[in-house]
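# Fold and geometry: a report
The residues making up each chain are set out below.
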Amino acid sequence: MWESENESVRGRDYANGVLSSGKHGVKTDGFELRGKSWYVATDIPSDLQVQVGDVNFHLHKYPLLSRSGKMNRLIYESPDLDLNKIALEDLPGGPEAFELAAKFCYGIAVDLTAGNISGLRCAAEYLEMTEDLEEGNLIFKTEAFLSYVVLSSWRDSILVLKSCEKLSPWAENLQIVRRCSESIAWKACANPKGIKWAYTGRPTKVSSPKWNDLKDSSPSRNQPVPPDWWFEDVSILRIDHFVRVITAIKVKGMRFELIGASIMHYAAKWLPGLIKDGQGQGDDMSISSNSNSSGSSSWKGGLHMIVAGTKDDTPSIQSKDQRMIIESLISIIPPQKDSVSCSFLLRLLRMANMLKVAPALVTELEKRVGMQFEQATLADLLIPSYNKSETLYDVDLVQRLLEHFIVQEQTESSSPSRQSFTDKHMYEGAQRGNNPNAKMRVARLVDSYLTEVSRDRNLSLTKFQVLAEALPESARTCDDGLYRAIDSYLKAHPTLSEHERKRLCRVMDCQKLSIDACMHAAQNERLPLRVVVQVLFSEQVKISNALANTTLKDPAETQYQPLIPNRKTLLEGTPQSFQEGWVAAKKDINTLKFELESVKTKYLELQNDMENLQRHFDKMSKQKQTSAWTSGWKKLSKLTKMTTTENQDIGPQISTTAEQTRKAPRRWRNSIS
């Protein structure tokens, strides 16, 4: 009944992907599908039923036993001698892979493609179709196809790695994922001028590569290959396989700018709304219902994001997948500065806070934002508070980002020789162009952020003050932005006490205000009176200094030229309406100065009157305290002093007459007695 033939043909046509086995035990014309069951087209009845998933295969024992070691064990080690039914529930590749393996056992030609080779290779390993049972068995032939056909092709390597998503952990253990990742990395790092294979490129709205339509994206002699030619093809991979490919590309030494750009492209594909669209909307972020979409959908509002971030329900499968994507992307971002944009990092940070990403990764992401905080925009900084905070926006997060920026600036200033960039020349150019004005740009950004968040009635004065004073004084050459933030905070918090308003205005330097800001502050009833006086005094000092500078100039020079550049510099940061109302504003300033001088004069007069009254009061109090007895003693003491001085000046004649006069009363006294 069974026939045994030697395999006469061992050759393989790998170019066409055809596998055939010359040795088979049953003559058959192929397999037939009836419902969910496969039958062998032969006159010999089947004696073995194999169930894989929900599909049944009615086969014969001998062809399977001659090729599969696992089938041998299941049948011969079974206590049931008449075993005719086997269930293979954990077969990798499922019914499709087992169908191909069964056809190979029967000697039927099998077409190998990039779509089925990984599943068939894992199924051959599961069925133990090794060379010990038969030379040229399925494991050997699938390995040869992988090595000589798949790994030499860019397109096939991508598709095989994509097909490995459902074959874990078999594909990992058989090194299929590693070998495909290495192959993709080598080809991605190749010189674009030497690329001869077809690639998908970066179409505008395509969710996955279309391998059957490669006419426009194939490399040509007239059209050069762009450096990012591999982004779209790699972006179809699952996140764990994408991480493997990017890790292999890093090892090969690709530029960090391209690696960062590929990460941003992948995030735009799998996290729709993360990257800014063409209109540049700052709040166009969404968690799309379909993570495989191309990113064309955009977030139309902020309410559902805040609600989604505060829900205590069990996170959906989609949220878990997106959290895993974000955590993986954070871990593979190149450590070099400017490898990805600051806007991308802030949007990634927003989603990380919303999806409750691991705190360690969030902290790492915050440090990355601090490295290039001067590139941030106000729209990206307005991150809602997802931790049930009282404030509408996460002010504490911006405070931490600002602290990381200051630490980074101090580190770079203390050790300018240390460079973390691979390209040192690019690093030096970036440092020379960006660092001198980085703090000033951050100061303007913080002032704009304070103006925006100050409208929140739940924002405490302490948080506002800490954020405003975080930067050093040298970072702000003009405090107009800070004044606008203070004025906005006073509008939103009208119940502040006088002490709190003074404390709020203490963060502002009145000498750094422009003329327009001084005019507004002088008429601002919300400011404390002391601050208004300081503003007027600083403005008077500026005008006096300007006049003094003009008088020190050579009279032969033009009289008005020194004032022109100063006035231009003062008016650069002021709106155009200031120039139109300059005359009226000047009159108001002069009126306020006159009133201030009159107040000072009245104050001096009152002070003099007060001193006169005080002296008069002191005199009156001294006269009331003296009495007749004390005045008599004072007069007696004066007389004694006068007599002593006279006695010292009179000669001996006067002394003799004094003795006679002294004796006369004695005689008078004696006569009386």
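An unreviewed UniProt entry annotates the chain as Root phototropism protein 3 isoform X1 of Herrania umbratica. Its UniProt record, at the heading Pathway (unreviewed entry), says of the chain: "Protein modification; protein ubiquitination."

## Comments concerning the overall build of the chain
Broken down by element type, the chain carries 29 helices and seven strands. Out of the 673 residues in the chain, the part that is buried amounts to 42%. Partitioning the contacts of the chain with sequence separation of at least 6, the portion at a separation of at least 24 is 70%. For the chain, the accessible area works out to roughly 38200 Å², and carbon and sulfur atoms hold 53% of it.

## Considerations on the pairing of strand β4 (residues 48-52)
Here β4 shows a buried face lined by L48, V50 and V52 and an unburied face lined by Q49 and Q51. Where β4 lies against strand β5 (residues 55-59), five bridges are found, and the strand directions are antiparallel. By the bridge assignment for β5, Q51 is matched with N56. Bridging between β4 and strand β6 (residues 85-87) involves three bridges; their strand directions are parallel. Bridging across to β6, V50 finds its partner in I86.

## Some points on the pattern of salt bridges
Inspection of the entire model under this criterion finds 22 salt bridges. Residues K103 and E99 are paired through a salt bridge, measuring 3.0 Å at the closest nitrogen-oxygen approach. Of this pair, K103 and E99 both sit in helix α3 (residues 94-105), four residues apart, roughly one helical turn. Accessibility assignment for this pair places K103 and E99 in one class, buried. For the salt bridge of E172 with R244, the shortest nitrogen-to-oxygen distance reads 3.0 Å. Taken as a pair, E172 in helix α7 (residues 170-173) and R244 in helix α10 (residues 239-252) lie far apart in primary sequence, 72 residues in all. Taking relative accessible area as the criterion, E172 reaches 30% and is therefore assigned partly exposed. Accessibility expressed as a relative area gives 31% for R244, which makes it partly exposed. A cluster of three or more residues bridged by salt bridges with shared partners is formed by R121, E125, E143 and R179.

## Here's the deal with the packing of helix α8 (residues 176-188) against α10
One can describe the packing of α8 onto α10 by two numbers: an axis separation of 8 Å at closest approach and a directional angle of 50 degrees. As judged from the angle between their axes, α8 and α10 are oblique. In this structure, the crossing between α8 and α10 has a hand that is right-handed. Across the interface between the two elements, V177, R178, S181, E182, I184, A185, W186 and A188 of α8 pack against H241, R244, V245, A248, I249 and K252 of α10.

## Thoughts on the state of the cysteines
All told, the structure shown has zero disulfides when counted by the stated rule. Cysteine C164 is unpaired, with the sulfur of C180 as its nearest cysteine sulfur at 5.7 Å. Classification of C164 by relative accessible area gives buried; the value is 1%.

## Concerning the sheet that holds β6
Strand order in the open sheet made by the five strands is β2-β3-β5-β4-β6, with mixed pairing throughout. Since the sheet does not close on itself, it has two edges, and those belong to β2 (31-34) and β6, each with one partner. Geometrically, the sheet is characterised by an average inter-axis angle of 20 degrees between neighbouring strands, direction not taken into account. The pairing of strand β3 (residues 37-40) with β5 spans three bridges and is classified as parallel.

## Points about helix α13 (residues 317-332)
Taking 1.5 Å per residue as the helical rise, α13 with its 16 residues ought to reach 22 Å, and the 23 Å between its terminal C-alpha atoms agrees with that figure. For α13, the full list of buried residues reads S319, Q322, R323, I325, I326, S328, L329, I330 and I332. Buried residues along α13 sit in contact with α10, α11 (256-270), α14 (342-354) and α15 (359-371).

## Digging into the pairing of β2
Strand direction decides the pairing type here: β2 and β3, joined by four bridges, are antiparallel. Within the sheet, the bridge partner assigned to F31 lies in β3 and is V40. Between β2 and β3, which pair antiparallel and follow one another directly, the connecting turn spans two residues, one of which, G35, has a positive phi of 70 degrees.

## Some details on the environment of Y199
You can see Y199 is positioned in the loop between α8 and α9 (231-234). Y199 sits 33 residues away from E232 along the chain, and the two C-alpha atoms are 8.7 Å apart.

## Quick look at the environment of I239
Summarising the element assignment, I239 is placed in helix α10. With 85 residues separating them along the chain, I239 and M324 place their C-alpha atoms 8.1 Å apart.

## With respect to the environment of A438
For A438, the position within the fold is in helix α19 (residues 438-453). Through-space distance from the C-alpha of A438 to that of E374 is 5.6 Å; in sequence the pair is 64 residues apart. Here A438 is in contact with E374, F405 and E409, once residues within four sequence places are set aside.

## Details of the packing of aromatic side chains
Summed over all chains, the structure comprises ten aromatic pairs. Their ring planes at 90 degrees and their centres at 4.7 Å tell us that W230 and F231 sit as a pair that is edge-to-face. Taking the relative accessible area as the measure of exposure, W230 reaches 0% and is therefore buried. Ring plane angle 40 degrees and centroid distance 5.0 Å describe the contact between F464 and Y489, whose orientation is recorded as tilted. Of the two residues, F464 is situated in helix α20 (residues 461-468) and Y489 in helix α21 (residues 480-492); the sequence distance between them amounts to 25 residues. Each member of the pair, F464 together with Y489, is buried. Members of the aromatic cluster, connected to one another through ring pairs, are F31, W38 and Y106. Here the guanidinium or amino end of R34 rests over the ring plane of Y39, the centre of that ring lying 4.5 Å away. Over the ring of Y126 we find K70; its NZ or CZ atom is 4.8 Å from the centre of that ring.

Definitions and cut-offs
Every chain's residues receive numbers from 1 upward, in the order its sequence appears when written. It should be noted that, the model being predicted, local features are given only for residues of pLDDT at least 70 and side-chain atom pairs only at 80 or more, the latter also being counted only at that level, while totals for whole chains, interfaces and linings use all residues. Computation of side-chain values: all heavy atoms of the structure, hydrogens and water removed. UniProt positions are given in the numbering used here, feature names are shortened, and annotations may be inferred rather than shown by experiment. Only DSSP runs of H or I covering at least 4 residues are called helices, and only runs of E covering at least 2 are called strands; the numbering of each starts at the N terminus. Categorising residues by exposure relies on relative accessible area from a 1.4 Å probe, with only protein chains included: less than 20% of the type maximum marks a residue as buried, more than 50% marks it as exposed, and the intermediate range marks it as partly exposed. It only takes one pair of heavy atoms within 4.5 Å for two residues to be counted as in contact. A 1.4 Å probe and the Shrake-Rupley method give the accessible areas. Residues count as covered only by the protein chains that appear here. When DSSP finds two or more bridges between two strands, those strands count as paired. By definition, a salt bridge exists where a carboxyl oxygen of Asp or Glu is found within 4 Å of a side-chain nitrogen of Lys or Arg. Helix axes use the C-alpha atoms of the stretch in contact, all axes being lines fitted to C-alpha atoms, and the angles between their N-to-C directions lie in the range 0 to 180 degrees. Small angles under 35 degrees read as roughly parallel and large ones over 145 as roughly antiparallel, with 65 to 115 read as roughly perpendicular and the rest as oblique. Take the far helix as the reference: if the near one is turned anticlockwise from it by less than a right angle, the crossing is left-handed, and if turned clockwise, right-handed. Cysteine sulfurs are considered disulfide-paired once they come within 2.5 Å of each other. What a helix is expected to span follows from its residue count: subtract one and scale by 1.5 Å. The rule is short: rings of Phe, Tyr and Trp, with Trp giving its six-membered ring, pair when the centres are within 6.5 Å, and they are stacked under 30 degrees, edge-to-face over 60, tilted in between. Here, over-ring charges are defined by two tests on the NZ atom of lysine or the CZ atom of arginine: distance to the ring centre within 6 Å, and angle to the ring normal within 35 degrees.

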